[in-house]
Amino acid sequence: MKKEVIGHTNCPVCPHQDAEIKEDKNGHAFIFCPDCAAQTFTRNEYRDGHLRRRMRPVTVTVTEPKDPPPPPAAVPVTAPKQENAPAPATAQAPAEKKPIKNPPAAPEKKAGGWLQPLLAVGGGRG
């Protein structure tokens, strides 16, 4: 989630003049400089107050359009004609499966599987 910029100030690390001031998850202001990527955090209300007094707040101007857009025109919806519709396709029977002439031989199954040698090493503890 991108934090909203609440103001600007000079960067304390580089000569950039428009470092962004944003709020962290606790509501404290912090400085982020997009030029050098430095972040300077305020950890208490005292420092937060000093930074907020020093910042240049972001101003937003809202302009409304002079003429509102016209409402969308109503478009009549008609159902397609069914007179010359193609006939539904008939379902075809699936092709018969041909048997395999020489099926591959099943691998030999070992008695006990991979765990049997490990159990034999233990020697029947009980």
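Residues numbered from 1 in each chain as written. Predicted model: local features only at pLDDT ≥ 70, side-chain atom pairs only at ≥ 80, totals over all residues. Heavy atoms only, no water.

(A) View of the nonpolar core. One finds Cys-11, Cys-14, Ala-19, Ile-21, Ala-29, Ile-31, Cys-33, Leu-51 and Met-55 forming the largest nonpolar core, which totals 9 residues. Those elements that provide at least two residues to this core are β2 (19-23) and β3 (29-32). Residues in contact with Ile-21, not counting those within four places in the same chain, are Glu-4, Val-5, Ile-6, Gly-7, His-8, Thr-9, Ala-29, Phe-30, Ile-31, Leu-51 and Met-55. (Core = buried A, V, L, I, M, F, W, Y, C linked by side-chain atoms within 4.5 Å. Buried < 20%, exposed > 50% of the residue type's maximum accessible area, 1.4 Å probe, protein only. Helix = DSSP H or I, 4+ residues; strand = E, 2+ residues; numbered from the N terminus. Contact = heavy atoms within 4.5 Å.)

(B) Looking closely at the environment of Phe-32. On the secondary structure map, Phe-32 appears in strand β3. Owing to a relative accessible area of 22%, Phe-32 belongs among the partly exposed residues under this scheme. Sequence-wise, Phe-32 and Val-5 are 27 residues apart; in three dimensions their C-alpha atoms are separated by 9.6 Å. For Phe-32, the residues in contact, after removing those within four places along its chain, are Ala-19, Glu-20, Lys-22, Ala-37, Ala-38 and Gln-39.

(C) Fine view of the pairing of β3. Bridge count between β2 and β3: 4 bridges; the pairing is antiparallel. Its bridge partner lying in β3, Ile-21 is registered against Ile-31. What sits between the antiparallel neighbours β2 and β3 is a turn of 5 residues, in which Gly-27 has the positive phi angle 90°. Looking at chain direction, β3 and strand β4 (residues 39-41) are connected through 3 bridges and run antiparallel. Within the sheet, the bridge partner assigned to Ile-31 lies in β4 and is Thr-40. Counting the residues in the hairpin turn of β3 and β4 gives 6 residues, including Ala-37, whose phi is positive at 65°. (Pairing = 2+ DSSP bridges.)

(D) Representation of unusual backbone geometry within the structure. Of note in this structure, Ala-37 is not a glycine but carries a positive phi near 65°. Structurally, Ala-37 can be placed in the loop between β3 and β4.

(E) How the structure looks around the sheet that holds β3. With antiparallel pairing, 5 strands are arranged side by side in an open sheet as β4-β3-β2-β1-β5. Looking at the sheet topology across the chains shown, the edges are occupied by β4 and β5 (56-57). Along the sheet, helix α1 (residues 45-54) contacts β1 (5-9), β2, β3 and β5; its crossing angle with β3, the most-contacted strand, is approximately 55°. (Axes fitted to C-alpha atoms, helices over the stretch in contact; angles between N-to-C directions.)

(F) Focus on the confidence of the model for the protein. With 71% of its residues at a pLDDT of 70 or more, the protein shows a mean pLDDT of 78. Across the protein, the secondary-structure element scoring lowest on mean pLDDT is helix α2 (residues 116-122), at 71, and the one scoring highest is β3, at 93. (pLDDT = per-residue confidence, 0-100.)

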